Every structure is written in C-alpha cells, then in structure tokens.
Amino acid sequence: MKIKNLFFFFLLFFLFSNFNISLKAEDNVNTYPSAWLPVNNYKFEPVIEGTAINHSFIIQNKGTAPLNIEKVRTG
C-alpha cells in the first residue's frame, strides 16, 4: 500500500511539474521582434553617373517586441 501511494505521489509530482514548465514556455512565445519584408531585394536600373536614385523598402514587425534597425549597409 505504501509503495502504491509513493508511486502515485511521484507520478502526480512529475505531471504537475511538467505542466507548470509547459505553461511558462507558452508565456514566452513570440516575445521577440520579427522583421518581415514583402520584397527583400530591388534591382535598380542603370542610370547616368551622379543621378540620385531612391527606393523605399517596407519593413513590418511581425513580433511583439520593438524592432530596432541599427545598421543599414548598401550591397
């Protein structure tokens, strides 16, 4: 009888400890920034040297944390 009770106690302890861990993991889901670009590259047409050209890239944050764009380089 004591062995059954001890086994039952450990089984409940194991189940509840894993249940609590899984709840904590769900709380951290998608708490980071996630940059999304509908078009990730753009090919500029040839232009005369010295001509100013512009293109705007659309960047959307699909995450829940703020998205900070710190470094931008030309390719």
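> Now, about the overall build of the protein: what can you tell me, with residues and values included?
Helix and strand content of the protein: one helix and two strands. Across the protein, the fraction of contacts at a sequence separation of at least 24, relative to all contacts at a separation of at least 6, is 58%. If you sum the accessible surface of the protein, you get close to 7,700 Å²; carbon and sulfur atoms cover 61% of it.

> Give a description of the packing of aromatic side chains that names residues and reports values.
For the structure shown, the criterion picks out one aromatic pair. Centre to centre, the rings of Y42 and F44 are 4.9 Å apart; their planes meet at 80°, and the pair counts as edge-to-face. For K62, the ring lying beneath its charged end belongs to W36, and the centroid distance is 4.6 Å.

> So what's going on with the confidence of the model for the protein? Residues and values would help.
When pLDDT is averaged along the protein, the result is 77; 61% of the residues meet or exceed 70. Per-element confidence in the protein is highest for strand 2 (residues 60–61), whose mean pLDDT is 93, and lowest for helix 1 (residues 2–27), whose mean pLDDT is 61.

> How would you sum up a nonpolar patch on the surface? Please name residues and give values.
On the surface, a nonpolar cluster with roughly 900 Å² of combined accessible area is contributed by L37, Y42, F44, V47, I53, F57, I59, L67, I69 and V72. Structurally, the position occupied by L37 is in the loop between strand 1 (35–36) and strand 2.

> Tell me about the environment of I69, and name the residues and values.
Mapped onto the secondary structure, I69 falls in the segment after strand 2. Each C-alpha atom of the pair I69 and I59 lies 9.8 Å from the other, and the pair is 10 residues apart in sequence.

Rules and cut-offs
Residues numbered from 1 in each chain as written. Predicted model: local features only at pLDDT ≥ 70, side-chain atom pairs only at ≥ 80, totals over all residues. Heavy atoms only, no water. Helix = DSSP H or I, 4+ residues; strand = E, 2+ residues; numbered from the N terminus. Contact = heavy atoms within 4.5 Å. Areas by Shrake-Rupley, 256 points an atom, 1.4 Å probe, with all protein chains shown as cover. Phe/Tyr/Trp six-rings, centres within 6.5 Å; stacked < 30°, edge-to-face > 60°. Lys NZ or Arg CZ within 6 Å of the ring centre and 35° of its normal. pLDDT = per-residue confidence, 0-100. Patch = residues over 30% accessible without salt bridge, like charges linked within 9 Å, V, L, I, M, F, W, Y side chains within 5 Å. Salt bridge = Lys/Arg side-chain N within 4 Å of Asp/Glu carboxyl O.

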